[in-house]
Amino acid sequence: MRISEQSRTTRETSVQVRLNIDGSGQADVDTGCGFLDHMLELVAVHGGMDLYIRSCGDQQVDDHHLVEDTGLVLGRCLLEALGDRAGILRYGMALIPMDESLARCVVDISGRPWIEERMTFSSQRVGMFDTELVLEFFTALVREARITLHLELLYGKNTHHQIEAVFKAFARSLRMACQKGSDNKIPSSKGVLT
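Here goes a summary of the coordinates provided. Everything numeric in this text was worked out from a predicted model, so none of it was measured.

## Considering the pattern of salt bridges
- Applying the stated criterion across every chain, the model contains ten salt bridges.
- The partner of Arg-76 in a salt bridge is Glu-144, and the shortest N-O contact between them spans 3.1 Å. Here Glu-144 lies in helix α3 (residues 133–145) and Arg-76 lies in helix α2 (residues 64–82), a separation of 68 residues in the sequence.
- Overall, the relative accessible area of 27% leaves Arg-76 in the partly exposed class.
- For Glu-144, a relative accessible area of 19% puts it in the buried group.

## Remarks on the sheet that holds strand β3 (residues 27–30)
- Spatial ordering of the open sheet is given by β1-β2-β4-β3, a layout of four strands whose pairing is mixed. The outermost strands of the open sheet, each flanked by one partner alone, are β1 (3–9) and β3. Across this sheet, the average inter-strand angle for adjacent strands is 5°, counted without regard to direction.
- Pairing between β1 and strand β2 (residues 13–20): seven bridges, direction antiparallel. Of the residues in β2, the one forming a bridge with Thr-9 is Ser-14.
- On top of the sheet, helix α1 (residues 34–47) reaches β3 and β4 (50–57); it is set at about 160° to β3, its chief contact.
- The strands touched by α2 within the sheet are β1, β2 and β4, with β1 carrying the most contacts at an inclination of about 145°.

## Side note on the environment of Cys-77
- Inspection of the secondary structure assignment puts Cys-77 in helix α2.
- A relative accessible area of 0% places Cys-77 in the buried class.
- For the pair Cys-77 and Ala-103, spaced 26 residues apart in sequence, the C-alpha separation works out to 25 Å.
- When near neighbours in sequence (up to four residues on either side) are disregarded, Cys-77 contacts Ser-4, Glu-5, Gln-6, Val-17 and Leu-19.

## Notes on α1
- Taking 1.5 Å per residue as the helical rise, α1 with its 14 residues ought to reach 20 Å, and the 20 Å between its terminal C-alpha atoms agrees with that figure.
- When we look at burial in α1, the residues that qualify are Phe-35, Leu-36, Asp-37, Met-39, Leu-40, Leu-42, Val-43, Ala-44 and Gly-47.
- Positive phi shows up at Gly-48, right after α1, with a value of about 65°.

## Considerations on the environment of Val-106
- Within the secondary structure, Val-106 sits in strand β6 (residues 101–108).
- Taking the C-alpha atoms as reference points, Val-106 and Arg-172, 66 residues apart in sequence, are found 9.5 Å from one another.

## Focus on the pairing of β3
- The sheet contact formed by β3 and β4 spans four bridges and is parallel. Its bridge partner being in β4, Asp-28 is matched across the sheet by Tyr-52.
- Each parallel crossover has a hand, and for β3 linked through α1 to β4 it is left-handed.

## Some words on the side chain of Asp-108
- Within the element layout of this structure, Asp-108 appears in strand β6.
- Taking the relative accessible area as the measure of exposure, Asp-108 reaches 11% and is therefore buried.
- One polar contact links Asp-108 to Arg-90, side chain to side chain, over a distance of 2.6 Å.
- If we ignore the near neighbours within four places in the chain, the residues touching Asp-108 are Arg-90, Tyr-91, Ile-147 and Thr-148.

## Brief notes about the packing of α3 against helix α4 (residues 159–178)
- Axis separation between α3 and α4 bottoms out at 12 Å; the angle between their running directions is 15°. In this view, α3 runs roughly parallel relative to α4, as classed from their interaxial angle. At the point where α3 passes α4, the crossing takes the left-handed sense. Contact residues: α3 offers Val-134, Phe-137, Phe-138 and Leu-141, while α4 offers Ile-163, Val-166, Phe-167 and Phe-170.
- Its residues assigned to classes, the contact of α3 with α4 shows eight nonpolar, no polar and no charged.

About the cut-offs
Residues numbered from 1 in each chain as written. Predicted model: local features only at pLDDT ≥ 70, side-chain atom pairs only at ≥ 80, totals over all residues. Heavy atoms only, no water. Salt bridge = Lys/Arg side-chain N within 4 Å of Asp/Glu carboxyl O. Helix = DSSP H or I, 4+ residues; strand = E, 2+ residues; numbered from the N terminus. Buried < 20%, exposed > 50% of the residue type's maximum accessible area, 1.4 Å probe, protein only. Pairing = 2+ DSSP bridges. Axes fitted to C-alpha atoms, helices over the stretch in contact; angles between N-to-C directions. Contact = heavy atoms within 4.5 Å. Expected span 1.5 Å × (residues − 1). Right-handed = clockwise from strand over helix to strand, strands pointing away. Polar contact = N/O pair within 3.5 Å; in protein donor to acceptor, adjacent residues only side chain to side chain. Parallel < 35°, antiparallel > 145°, perpendicular 65-115°, else oblique. Left-handed = near helix turned anticlockwise from the far one by under 90°. Nonpolar A, V, L, I, M, F, W, Y, C, P; charged D, E, K, R; others polar.

What follows is the structure, encoded as structure tokens:
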């Protein structure tokens with residue numbers, strides 16, 4: 001099974017993540033940020049992976065460090081759990097509605113970190129959550145997981161729905177890209193994904 005456990009502690013945050021790519025969609029998440037917990041639970045359920053996360057941080061400042069570092073440690077888990085990536089499909093994409101909102105995500109488990117995004121949310125906050133932190137989370141995850149990620153919010157009105165569509169699209173496309181194919185080859189003409 002493709003499993004990883006990683007932790008990171010700084011003067012700003014403490015983050016522990018356990019990931020099982022081949023899980024059943026179980027989530028046990030507590031970051032101290034309710035909206036982030038909700039989004040990470042969606043990643044587990046729609047990504048078909050088991051996810052345990054405990055994060056705490058300097059939320060008296062704001063949620064920035066907590067969100068970024070959680071993405072960073074989750075990215076490290078993905079990198080380790082995928083190993084040499086032999087046999088994976090490598091590419092995944094999803095077009096996901098959430099009521100009036102529609103998001104598209106395309107993933108390449110390439111070994112090359114890159115994020116391209118087209119996301120403009122209707123408001124700057126969902127409850128106490130700053131919507132600019134969505135990009136911070138995915139940027140940190142991409143950098144550490146060494147994946148290429150294209151995220152688009154195509155349209156929508158309700159900011160909660162918009163962000164939920166983005167996270168669900170990410171989860172579904174990642175699930176597809178991580179799937180094992182019919183052989184155990186590295187899916188690259190170079191013979192390596194780095």
